[in-house]
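# Close look at the chain arrangement
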Amino acid sequence: LDDAQRESLLALLADESGRVERLLGELQDASRVAAGGFAYEFAEVDPGRLVEEAVAAARVAGRGVSVRLGGPLPRIRGDAARLRQALDNLIGNAVRVSPPGAEVEVDAESRDGAIRISVKDSGPGVAVADRERIFEAFEQAGNRPGAGLGLHVARTIAEAHGGDVELDATPGGGATFALVLPV
């Protein structure tokens, strides 16, 4: 192999090993959820900071993500690491289903006694028949990449915080997943 081929192969191996590592982490999380052993450490959390950190991490990974914070967000009681994991799952899912080069939009606001963090993709949307099923472990809509665990884990985390993950989708018109948490 010449130098360019070697570099390309090494980059591919690094990407694939990262993918396998993420998959193993998702499988461990799904196993903990099923066993009721998903641990939480509740404290005061700044949701605006969590959003900014998740978006910054996605951008560092080379993903096109825009963010809009609808004013200062009130602090909430929660597990910052788990909430960040839920956001990372929603953003990662949106990036995977969006066409290459498309930008994912993250919008956070406080409304009606809740924090609402919406993640909008420009993917194929979600068929009506798949809207509840995609939140189950190992389930996906259509032929999409991934293990089918990210949305399941995100919803489990949201529910442990007294919230939910809501879906607004139009087949062929993208989807918006919103992490909704009580203030």
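Residues numbered from 1 in each chain as written. Predicted model: local features only at pLDDT ≥ 70, side-chain atom pairs only at ≥ 80, totals over all residues. Heavy atoms only, no water.

### Side note on the packing of aromatic side chains
A full pass over the atoms with the stated rule returns one aromatic pair. Considering the side-chain rings of Y40 and F42, the 5.9 Å spacing of their centres and the 40° angle between planes classify their relative orientation as tilted. Overall, the relative accessible area of 22% leaves Y40 in the partly exposed class. Of the residues examined, F42 reaches a relative accessible area of 34% and is grouped as partly exposed. (Phe/Tyr/Trp six-rings, centres within 6.5 Å; stacked < 30°, edge-to-face > 60°. Buried < 20%, exposed > 50% of the residue type's maximum accessible area, 1.4 Å probe, protein only.)

### Quick word on helix 3 (residues 80-97)
Taking 1.5 Å per residue, 18 residues should reach 26 Å; helix 3 reaches 26 Å between its end C-alpha atoms and fits that length. Taking the backbone nitrogen of A81 as reference, a side-chain oxygen 3.0 Å away marks D79 as the first, capping residue of helix 3. (Helix = DSSP H or I, 4+ residues; strand = E, 2+ residues; numbered from the N terminus. Expected span 1.5 Å × (residues − 1). Polar contact = N/O pair within 3.5 Å; in protein donor to acceptor, adjacent residues only side chain to side chain.)

### Looking at the pattern of salt bridges
For the structure shown, the criterion picks out nine salt bridges. The salt bridge partner of E44 is R75, with a shortest N-O separation of 3.5 Å. Pair noted here: E44 is in strand 1 (residues 43-45) and R75 is in the loop between strand 2 (65-70) and strand 3 (76-78), with a separation of 31 residues, a long-range link. Take E44: its relative accessible area is 59%, and that puts it in the exposed class. Linking R116 and E166 is a salt bridge whose minimum nitrogen-to-oxygen distance equals 2.7 Å. In this pair, R116 is assigned in strand 5 (residues 114-120) and E166 in strand 6 (residues 164-169), connecting sequence segments 50 residues apart. With relative accessibility at 34%, the residue E166 sits in the partly exposed group. When salt bridges with common partners are traced through the structure, they connect R49, E53, R84 and D88 into a single cluster. (Salt bridge = Lys/Arg side-chain N within 4 Å of Asp/Glu carboxyl O.)

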